[in-house]
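Read off the chains here:
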Amino acid sequence: LETCEEIEQLTDSKHVFSDHDLSGISMNKKIKGLMTAIKGELRDCVLHYHIPSLCSFLGVEMIRPVLFHSALRHMGYRSSHFHRDPLTLKTNAPDKVVLDILRAWAIQNPSKKCKHPSFLDVKITTENIRFDIHPDVLIESKAVDCPRWLPNPEANWGPLARPKNAGNEIIK
């Protein structure tokens, strides 16, 4: 795959994403999982929200992605994951709705380390924010028989801790 056009052709719904194509292809589980994740992604919503980053920046308790998706679905908005990260969501909901959901969550689940108290002072104008699990979200999460996100290649994989100064001497 050398060009963006080739990748677009590969991921276009007419080519790989019809149901019979994915189920009939025997390919590496990781590739099949990634292609399945891309298939389930909202293609008409360009921007995505990384839920842990939003919660960390605002200093609110982390909301489980399934609850965030459910809140959006109860209000009639569409939502999906982002193919690279299960903690990221894409939605057709306006930014105001996304922030109102975070405000409602922060009020129901207060945090001792709220970094921006003024965020909670803004009135929630979005109605019918519910955090009970929407049935469509459960059906979608159990519909796939292969992993959608790549697992770590081995235990304790990833960056190591920064090396510490072995001695107390200062090198001049």
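Quantities reported herein were computed from a predicted structural model and do not represent experimental measurements.

Caption draft 1: Main features of the sheet that holds strand β2 (residues 79-82). Strand order in the open sheet made by the three strands is β1-β3-β2, with antiparallel pairing throughout. In the strand order of this sheet, the two ends are held by β1 (49-50) and β2, each with one partner. Where β2 lies against strand β3 (residues 85-91), four bridges are found, and the strand directions are antiparallel. From the neighbouring strand, Ser80 faces β3, where its bridge partner is Lys90.

Caption draft 2: Structural context of the packing of helix α5 (residues 65-74) against helix α6 (residues 95-108). Running from N to C, α5 and α6 point in directions that differ by 120°, and their axes come no closer than 11 Å. With respect to α6, the element α5 is oriented oblique. Crossing of α5 over α6 shows right-handed handedness. Contact residues: α5 offers Leu67, Phe68, Ala71 and Leu72, while α6 offers Val97, Val98, Ile101, Leu102 and Trp105. Of the residues contributing to the contact of α5 with α6, the split by class is nine nonpolar, no polar and no charged.

Caption draft 3: Molecular detail of helix α4 (residues 51-58). Here α4 has its buried residues at Ile51, Cys55 and Leu58. Taken around the axis of α4, the buried residues stretch over an arc of 75°, which confines them to a single face. Gly59, located one to two residues past α4, shows a positive phi value of around 75°.

Caption draft 4: Just the pairing of β3, in detail. With respect to burial, β3 is a largely interior element, five of its seven residues being buried. By the bridge criterion, two bridges tie β1 to β3 in an arrangement that is antiparallel. Each residue of the ladder has a partner; that of His50, found in β3, is Thr88.

What counts and what doesn't
- Position labels on residues start from 1 in each chain and follow its written sequence.
- Selection of residues for local features in this predicted model requires a pLDDT of at least 70, selection of side-chain atom pairs for listing and counting requires 80 or more, and totals for whole chains, interfaces and linings are taken over all residues.
- Hydrogens and water molecules were not included; the side-chain quantities draw on all heavy atoms of the structure.
- Paired strands are those between which DSSP finds at least two bridges.
- Here a strand is any run of E in DSSP of at least two residues, a helix any run of H or I of at least four, and the numbering for each starts at the N terminus.
- For helices, the axis comes from a line fit to the C-alpha atoms of the stretch in contact; other axes are also lines fit to C-alpha atoms, and the angle between any two N-to-C directions lies between 0 and 180 degrees.
- Between 65 and 115 degrees an angle is taken as roughly perpendicular, under 35 as roughly parallel, over 145 as roughly antiparallel, and anywhere else as oblique.
- The handedness criterion is simple: a crossing whose near helix is rotated anticlockwise from the far helix by less than a right angle is left-handed, and one whose near helix is rotated clockwise is right-handed.
- Here, residues are in contact when the closest pair of their heavy atoms is within 4.5 Å.
- Classification convention: Asp, Glu, Lys, Arg as charged; Ala, Val, Leu, Ile, Met, Phe, Trp, Tyr, Cys, Pro as nonpolar; all other residues, Gly among them, as polar.
- For every residue, the accessible area obtained with a 1.4 Å probe (protein chains only) is divided by the maximum for its type, and the residue is called buried under 20%, exposed over 50%, and partly exposed between those limits.
- Taken from the helix axis, the directions to the C-beta atoms give the arc we talk about.

Taken by themselves, the reported measurements are silent on function.
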